[in-house]
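One letter stands for each residue in the lines below.
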Amino acid sequence: MEHAITPLEPLLPAGEAPQDLKSAHPSGGSHHNEPNPSRKSREGNLKYCLVILNQPLDKCFRRLWHKALLRACADGGANRLYDATEGERESFLPEFISGDFDSIRPEVSEYYAIKGCELISTPDQDHTDFTKCLEVLQKKIAEEDLQVDVIVTLGGLAGRFDQIMASVSTLFQATRITPLPVTIIQEESLIYLLQPGKHKLCVDTGLEGEWCGLIPVGQPCKRVTTTGLKWNLSAGRAPQFIICHQERWRTSKGEA
Amino acid sequence: MEHAITPLEPLLPAGEAPQDLKSAHPSGGSHHNEPNPSRKSREGNLKYCLVILNQPLDKCFRRLWHKALLRACADGGANRLYDATEGERESFLPEFISGDFDSIRPEVSEYYAIKGCELISTPDQDHTDFTKCLEVLQKKIAEEDLQVDVIVTLGGLAGRFDQIMASVSTLFQATRITPLPVTIIQEESLIYLLQPGKHKLCVDTGLEGEWCGLIPVGQPCKRVTTTGLKWNLTNHMLSFGTLVSTSNTYDGSGVVTVETDHPLLWTMAIKT
């Protein structure tokens, strides 16, 4: 079974399919001009939830906020949201804030509590605020019987090195928490964990930058095959941290 | 065989042993007051080389620069050095700059070339500028028969995610390039790859921040045993998907030991 995802689709303006973006920006990434039927059917339809972690908040959060089905902050992520939305905080109220609350400032938790956001304490010290936030989120998605395509996370890829690694670790744990794909975005990077099997990544939204990569975090991947990359892999080449090939890959046009 | 390292020792001011620093800063991390004979013998003696990568340069580079035996920039790392040393560039001339030179600015390479720095082209696209810089560095260390304890790298732990991972990957490759330990420092983080075996990490320089961690980046580590941490492990498995040690901290003894059956990435905070 093949899993298909367009990682940057949540970043597209509401109602605009990648197709529209390409015709508007002829210098953009793809030479692929025929309409993609699967994309047309996803025009403006992508349903996602948003999680905000405790890192400087990228400007794209505004674009992501209003189309999200549910929005949550993990502990200090609420500080980031609060600071980034000064003067318009009421337009950016998360459905809940969860965590052990050792990072959220008192005035921030007070503000959001008064405004009706749910504050959910998740004190378990064996898991990060991010992991626990996903658990709460999945519970709400199930309780409200929401149809969700992906969980988009902002933050987690910069700052303390152990916390960057903890974000990656959470992607591994996410498979036990939610059936939904979870992506993490910060600054110019996105990460997404590919489970064993076949994956199709549509990279023609026009928002893709130049670089991409496949990182065998956690264990060697003995058999990796790719298409769509400048430097593809075929059976017999095994990316692993012990022997790392292709440290600089660039996308070709279209699909990967 | 046990490998011993004091990861933050290069950051100590010249001539000052961690011992001196502790008596000057009684509120520092450790309760360990007796002189450590092995540290006294390393007082001001740590010999290291410095590699600068293409990331915003931390202020500690000044402290690290003058005591280094050799200093190198990997491609755009030279831009960072050039920009950070405006007005005093002549005091910060690297022995060499290597890379494929797709990042270094023309005026930067010109400047350092005129000043006598060696510019070494390493065009191989299958390896990063960092990896290739280590190769050049090791070659020079061998040619000049230098006694070096550690290679300290600045940068590499922020910015593009693929490049952060490439830095980690270089630590794995480093074992084939140099027998020397290689550490990477940026902002408040340090990383250092522990090879299979026993390791003793001295964490009582007074420069240690609160957190530390053990990250089984490349493969599961089935048997990890530690001492000196707040949350120790005893023959425990570390792997992405089961357990990764992050936001750990110290028990105050000033020494962490780690025994691992597979390469395991140590990471720790530096007080800023």
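Analysis parameters
Residues numbered from 1 in each chain as written. Chains lettered and ligands numbered in written order. Predicted model: local features only at pLDDT ≥ 70, side-chain atom pairs only at ≥ 80, totals over all residues. Heavy atoms only, no water. UniProt positions renumbered as here; feature names shortened; annotations may be inferred. Helix = DSSP H or I, 4+ residues; strand = E, 2+ residues; numbered from the N terminus. Buried < 20%, exposed > 50% of the residue type's maximum accessible area, 1.4 Å probe, protein only. Contact = heavy atoms within 4.5 Å. Axes fitted to C-alpha atoms, helices over the stretch in contact; angles between N-to-C directions. Parallel < 35°, antiparallel > 145°, perpendicular 65-115°, else oblique. Nonpolar A, V, L, I, M, F, W, Y, C, P; charged D, E, K, R; others polar. Phe/Tyr/Trp six-rings, centres within 6.5 Å; stacked < 30°, edge-to-face > 60°. Lys NZ or Arg CZ within 6 Å of the ring centre and 35° of its normal. pLDDT = per-residue confidence, 0-100.

A few words now on the UniProt feature "domain: Thiamin pyrophosphokinase thiamin-binding" (unreviewed entry) in chain B. In the numbering adopted here, UniProt assigns the feature "domain: Thiamin pyrophosphokinase thiamin-binding" (unreviewed entry) to residues 197–264 of chain B. The span residues 197–264 of chain B shows a helical share of 0% and a strand share of 51%, and its end C-alpha atoms are spaced 10 Å apart.

Time to look at the environment of T122(B). All names here are of chain B. Tracing the backbone shows T122 in the loop between β5 (118–121) and α6 (129–143). Overall, the relative accessible area of 10% leaves T122 in the buried class. For the pair T122 and Q195, spaced 73 residues apart in sequence, the C-alpha to C-alpha distance is 27 Å. Sequence-distant contacts of T122, that is, excluding residues within four places in its chain, are made with S98, G99, D100, K132 and V136.

All names here are of chain B. Even without being a glycine, D75 presents a positive backbone phi close to 45°. When its relative accessible area of 0% is taken as the criterion, D75 is described as buried. In this model, F101 sits at a positive phi of 60°, which is unusual for a non-glycine residue. Tracing the sequence through the fold places F101 in the loop between β4 (96–99) and α5 (106–114). Residue classification places F101 among the partly exposed positions, given a relative accessible area of 25%.

Attention now moves to the UniProt feature "domain: Thiamin pyrophosphokinase thiamin-binding" (unreviewed entry) in chain A. Here, UniProt's "domain: Thiamin pyrophosphokinase thiamin-binding" (unreviewed entry) annotation points to residues 198–234 of chain A. Within the segment residues 198–234 of chain A, helix and strand shares are 0% and 16% respectively, and the terminal C-alpha atoms sit 13 Å apart.

On to the packing of helix α7 (residues 161–177) of chain A against helix α7 (residues 161–177) of chain B, then. To describe two helices that pack against each other, one gives the angle between their axes and the distance between the axes. Running from N to C, α7(A) and α7(B) point in directions that differ by 105°, and their axes come no closer than 13 Å. The orientation of α7(A) with respect to α7(B), classified from their angle, is roughly perpendicular. On α7(B), the residues touching F161(A), I164(A), M165(A) and V168(A) of α7(A) are F161(B), I164(B), M165(B) and V168(B). Split into classes, the residues belonging to the contact of α7(A) with α7(B) amount to eight nonpolar, no polar and no charged.

A few words on the packing of aromatic side chains. Under the counting rule described, the total for this entry stands at 12 aromatic pairs over all chains. Feature note: the residues F61(A), W65(A) and F92(A) constitute an aromatic cluster, connected by ring pairs. The ring centre of Y82(A) lies 3.5 Å from the NZ or CZ of R89(A), which sits over that ring. Positioned above the aromatic ring of Y82(B) is the side chain of R89(B), whose terminal nitrogen or guanidinium carbon lies 3.5 Å from the ring centre.

The subject of this paragraph is the confidence of the model for chain B. Across chain B, pLDDT averages 91, with 89% of residues at or above 70. Both confidence scores are given for the complex: pTM 0.88, ipTM 0.90.

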